[in-house]
Amino acid sequence: MPSNRHQSRITVKKCLAASSLVLLSPSAAFAQAVERFPRPDFQSGYVRPLLQTPGPRSFWLGYLDIFVLVAALALASYFALKLRSRARMFGLMLFSLAYFGFFRRGCICPVGAVQNVSLGLFDSGYAVPGIVIVFFALPLILALFFGRTFCGGVCPLGAIQDAVVLRPVTVKPWIAHSLGMIPYAFLGFAVLFTATGAGFVVCRYDPFVGFFRFGAPFTMLLLGASVLLLGTVVARPYCRFLCPYGVLLGWMSRLSKWHVRTSPGECNNCRLCEESCPFGAIHAPSGEFPGDRRTGARQLAVLLVLLPVLVVGGGWTVSRLYVPLSGQHFTVALAERIQHENTGITVPASDESNAFRASGKTTAELFAEAHVIRERFKTGGWFLGAFLGLVAGAKLIGLSVFRRRTGYSIDTSACFSCGRCFSYCPVERERLGKNQGGAENDNE
Amino acid sequence: MAAKESQNPVNRRDALRVGLSAVGGLTVVGVSGLLAGKASSRETVWQIDPEACIQCEKCSANCVLPQSAVKCVHSFSMCGYCDLCSGYLEPGAQSRDTGAENQLCPTGAIERTFIEDPYFQYTIDEELCTGCGKCVKGCGSFGNGSLYLQVRHDRCLNCNECSIARSCPSRAFRRVPADTPYILRGDEGAKRAE
């Protein structure tokens, strides 16, 4: 190549001649780097400009993100459990919305990190960035000790919804329980899609990231706006009825060592907190076992027998869906398209199939690849369906088992530790010396 | 005796809780550790492989940003500085000048400057460039291929799932290490690879 550099000024004529020749050449369809024209040798002392390549955001800012996450999680737990302050929690929540939402534009978030982690587990060629692992693991570990303080004070997706809770209505239990199954399905499908390499569906259907970036496709903004609008009456609809990370947090939080409690002391069943939770996470006292014990036991036995049926049935059903599901994968969709084009069903060639044909790969190779992916969907479908069957069965069993609750208690797997209920509790008000009655303050 | 009996179920439940917590915690730590073992501390960013790009124009419309983070870049070391530039001029251009009707670029983002007879320099005005790749197709088909598309990292948000990558028909988008964030041609590429 350097030999061509020292050419005379006649080059321009060559340029013209060559371009008219090249115009006719059939090989011109694919834009490649080919030195068709020699590099000019400038006489006037002209210096070629440098190509500017601005770098990505500094690596150290990743550490800042981790630092802010750790600090926000620590503060959220401190505000919820120690200070028991809704106002401080709300302030922290707004800060997190500003930092993780509008400043960091919603990426990377622990909700999306679920997919990176599952891709890392299933695809040996994919190395999960360290910061993503931290974002995935830290809120979960913390939930084991303090409950879902991440949801209440740190998650930008939760914060944007929490800020618009205006007139929350109580969702009927059967609706809440049914819709509450969706996050499990979303989590399952997200893992299936990442494990098979079909993409990140959670990011694709993130309703709020469009707001964080101040721009998105219209459908995405519409989805976000509708979720927020719905969120004014049904509090935090995404967190309760969609969020796949919430499933994992819920499992951890259920086991949490210290979880927020409505009352700082002994619950005296005054019922004042009953309506305080917009998320339906406060359980009323159960009372006595309502029905006949024998009927209950029979019901439980039926459900226990039903469980394996649900697991196997679910697995079989979802694995049968491997054709439409695998169609979401690029390679499978391309193989289907090529096959259709080759058999003449779809006449015009798509950009994808043109690019494939130009790549030099054979159709047989592509079909083999697509076949492997389809088989993976079939196997993955068994696991996903079995998981969904198990979740549904466990839910039914959980609903049919009677648990005695003497006082008002928090559903630790559903509670976001937002702190709304604290101020409703008279014991809490007494602790803070806030009882207006005055005369009732004579306990001491 | 009675107290002991009433305490027992609580203890059992507590033991179960602690046991399950340990399982949950160890699972999360184990998974994280497993992934951390092969994790790259190096961040990655999205980039276009210019050799795989087919200039389908999807980059200009599919970025989540209102103005695509994909722009045309110019490896000056490879450019022929032609008067009749197939990346700048419409195929059937009436004359070789800066007239809008002669320009291939729909937004007039390529600036043509006279250097010395008979050479012209072509510079991309990034503010105007939409990343459609029409000039890339022209330059690559009939010229040296010194014009090509790249993700500009001062603009790119580095989304977890790049929405252009998802729609890219030739799978030209891939993640590259953040310390070598461009896939450049010509001397520009060689210098960086050293």
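Counting restarts for each chain: residues are numbered from 1 in the order of the written sequence. The lettering of chains begins at A and the numbering of ligands begins at 1, in the order of writing. Given that the model is predicted, a residue must reach a pLDDT of at least 70 before its local features are reported, and side-chain atom pairs must reach 80 or more before they are shown or counted; all residues, however, enter totals for whole chains, interfaces and linings.

## Looking at the overall build of chain B
And step 1. To qualify as a helix, a DSSP run of H or I must reach at least 4 residues; to qualify as a strand, a run of E must reach at least 2; elements of each kind are numbered from the N terminus. Scanning chain B from N- to C-terminus turns up five helices and six strands.
And step 2. Going residue by residue from the N terminus, the α and β elements of chain B occur as α-β-α-β-β-β-α-β-α-β-α.
And step 3. Both definitions apply: the radius of gyration is a C-alpha atom measure, and the globule rule equals 2.2 Å times residues to the power 0.38. Here the C-alpha atoms of chain B give a radius of gyration of 27 Å, more than 25% beyond the 16 Å that 2.2 N^0.38 yields for 194 residues.
And step 4. In terms of overall dimensions, chain B has C-alpha extents of about 105 × 35 × 25 Å along its principal axes.
And step 5. Think of it as a crowd count around each C-beta: if 20 or more other C-beta atoms lie within 10 Å the residue is buried, if 12 or fewer it is exposed, and in between it is partly exposed, with C-beta placed from the backbone throughout. Put simply, chain B has 194 residues, and 46% of those count as buried.

## A closer look at the overall build of chain A
And step 1. When helices and strands are tallied, chain A shows 20 helices and two strands.
And step 2. For 444 residues, the compact-globule estimate of 2.2 N^0.38 gives 22 Å, and the C-alpha radius of gyration of chain A, at 30 Å, exceeds that figure by more than 25%.
And step 3. Principal-axis analysis of the C-alpha atoms gives chain A an extent of 105 × 55 × 35 Å.
And step 4. The contact criterion used here is simple: two residues whose C-beta atoms, placed from the backbone, lie within 7 Å are in contact. Within chain A, contacts between residues separated by at least 24 positions form 82% of all contacts whose residues are at least 6 apart in sequence.

## Considerations on the confidence of the model for chain A
All names here are of chain A.
And step 1. Averaged over every residue, the pLDDT of chain A is 86; the share at 70 or more is 90%.
And step 2. Residue-level confidence of the predictor, termed pLDDT, takes values from 0 up to 100. Looking over chain A, one finds the lowest element-wise mean pLDDT in helix α1 (residues 11-24), namely 44, and the highest in helix α9 (residues 182-195), namely 96.
And step 3. Taken together, the stretch residues 1-29 has pLDDT below 50 and engages in 34 contacts with residues farther than four places along the chain or on a different chain.
And step 4. Note on residues 438-444: pLDDT is under 50 here. Beyond four places in sequence and across chains, it has two contacts.

## Brief notes about the nonpolar core
And step 1. With 156 residues, the main nonpolar core has A76(A) and F150(A) as its most contacted residues.
And step 2. Take this core: its biggest share by element is twelve residues, from helix α5 (residues 130-146) of chain A. Think of a nonpolar core as buried Ala, Val, Leu, Ile, Met, Phe, Trp, Tyr and Cys residues chained together by C-beta atoms that fall within 7 Å.

## Overview of the interface of chain A and chain B
And step 1. Each partner contributes residues to the interface: chain A has 62 residues there, and chain B has 66 residues.
And step 2. Residue assignment for the side of chain A that touches chain B shows that the elements contributing at least two residues are α1, α4 (110-122), α5, α10 (201-204), α14 (244-254) and α18 (351-359) of chain A.
And step 3. Under the scheme applied here, ten amino acids are nonpolar (Ala, Val, Leu, Ile, Met, Phe, Trp, Tyr, Cys and Pro), four are charged (Asp, Glu, Lys and Arg), and all others, including Gly, are polar. The residue makeup of the side of chain A that touches chain B, split by class, is 38 nonpolar, 14 polar and ten charged.

## Some words on α5(A)
And step 1. To estimate how far a helix should extend, the number of its residues minus one is multiplied by 1.5 Å. Spanning 17 residues, α5(A) covers 24 Å between terminal C-alpha atoms, matching the ideal 24 Å at 1.5 Å per step.
And step 2. Burial analysis of α5(A) places 13 of its 17 residues in the buried class, the great majority of the element.

## Some details on unusual backbone geometry
And step 1. Of note, the amide linkage connecting D117(B) to P118(B) takes the cis form, showing an omega dihedral of 0 degrees.
And step 2. Considering the arrangement of structural elements, one finds P118(B) in the loop between β3 (110-116) and β4 (119-124).
And step 3. The backbone of R84(A) sits at a positive phi, close to 50 degrees, despite the residue not being glycine.
And step 4. Looking at where R84(A) falls in the secondary structure, it is placed in the loop between α2 (60-83) and α3 (86-103).
And step 5. Located in the positive-phi region is R105(A), a residue other than glycine, with phi close to 55 degrees.
And step 6. Tracing the backbone through its elements, the reader meets R105(A) in the loop between α3 and α4.

## Describing the pairing of β4(B)
Residue and element names in this part refer to chain B.
And step 1. Both β3 and β4 contribute to a ladder of six bridges, which runs antiparallel. Paired with R112 across the bridge in β4 is Y122.
And step 2. With antiparallel pairing between neighbouring strands as the criterion, β3 and β4 make up a hairpin whose turn holds two residues. Paired strands are those between which DSSP finds at least two bridges.

## Some words on the environment of L310(A)
Residues and elements named next belong to chain A.
And step 1. Inspection of the secondary structure puts L310 in helix α15 (residues 293-320).
And step 2. Its 20 C-beta neighbours within 10 Å are what place L310 among the buried residues.
And step 3. In the structure, L310 is positioned 77 residues away from F387 in sequence and 9.5 Å away in space, judged by C-alpha atoms.

## A word on the environment of P50(B)
And step 1. Note that P50(B) resides in the loop between β1 (44-48) and α2 (58-62).
And step 2. Separated by 95 residues in sequence, P50(B) and G145(B) have C-alpha atoms that sit 9.6 Å apart.

## Some points on the packing of α5(A) against α14(A)
Residue and element names in this part refer to chain A.
And step 1. Helix axes use the C-alpha atoms of the stretch in contact, all axes being lines fitted to C-alpha atoms, and the angles between their N-to-C directions lie in the range 0 to 180 degrees. Their axes nearest at 6 Å, the elements α5 and α14 cross at an angle of 30 degrees. One finds that α5 runs roughly parallel with respect to α14. In this structure, α5 meets α14 at a crossing whose hand is right-handed. From α5, P139, L140, A143 and L144 reach across to α14, where they touch L248, L249, M252 and S253.
And step 2. Class assignment of the residues belonging to the contact of α5 with α14 gives a composition of seven nonpolar, one polar and no charged. Should an angle fall under 35 degrees it is taken as roughly parallel, and over 145 as roughly antiparallel, whereas 65 to 115 is taken as roughly perpendicular and any remaining angle as oblique. Crossing handedness is read from the near helix: turned anticlockwise from the far helix by less than a right angle, it gives a left-handed crossing, and turned clockwise, a right-handed one.

## Focus: the pairing of strand β2 (residues 70-74) of chain B
Put simply, side chains in a regular strand alternate between the two faces of the sheet.
Residues and elements named next belong to chain B.
And step 1. Extensive coverage of β2 is indicated by the burial of five of its five residues.
And step 2. Burial along β2 is two-sided: the face carrying V70, C72 and H74 and the face carrying K71 and V73 are both buried.
And step 3. Here β2 pairs with strand β5 (residues 147-151) via five bridges, running antiparallel. In the strand pairing of β5, K71 is matched with Q150.

## Examining α18(A)
All names here are of chain A.
And step 1. Residues of α18 that are buried: E352, S353, A355 and F356. Projected onto a plane normal to the axis of α18, the buried residues spread over an arc of 160 degrees and lie on a single side.
And step 2. Residues of α18 that are buried in the fold lie against α17 (330-343) and α19 (363-400).
And step 3. Once α18 finishes, G360 follows within two positions and takes phi at roughly 90 degrees, a positive value. The directions considered for the arc run from the helix axis to the C-beta atoms.

## Brief notes about the packing of α15(A) against α19(A)
Residues and elements named next belong to chain A.
And step 1. One way to put it is that α15 packs onto α19 with a least axis distance of 6 Å and a crossing angle of 160 degrees. Relative to α19, α15 is oriented roughly antiparallel. Both α15 and α19 take part in a crossing whose hand is right-handed.
And step 2. Classifying every residue of the contact of α15 with α19 gives 16 nonpolar, eleven polar and one charged.

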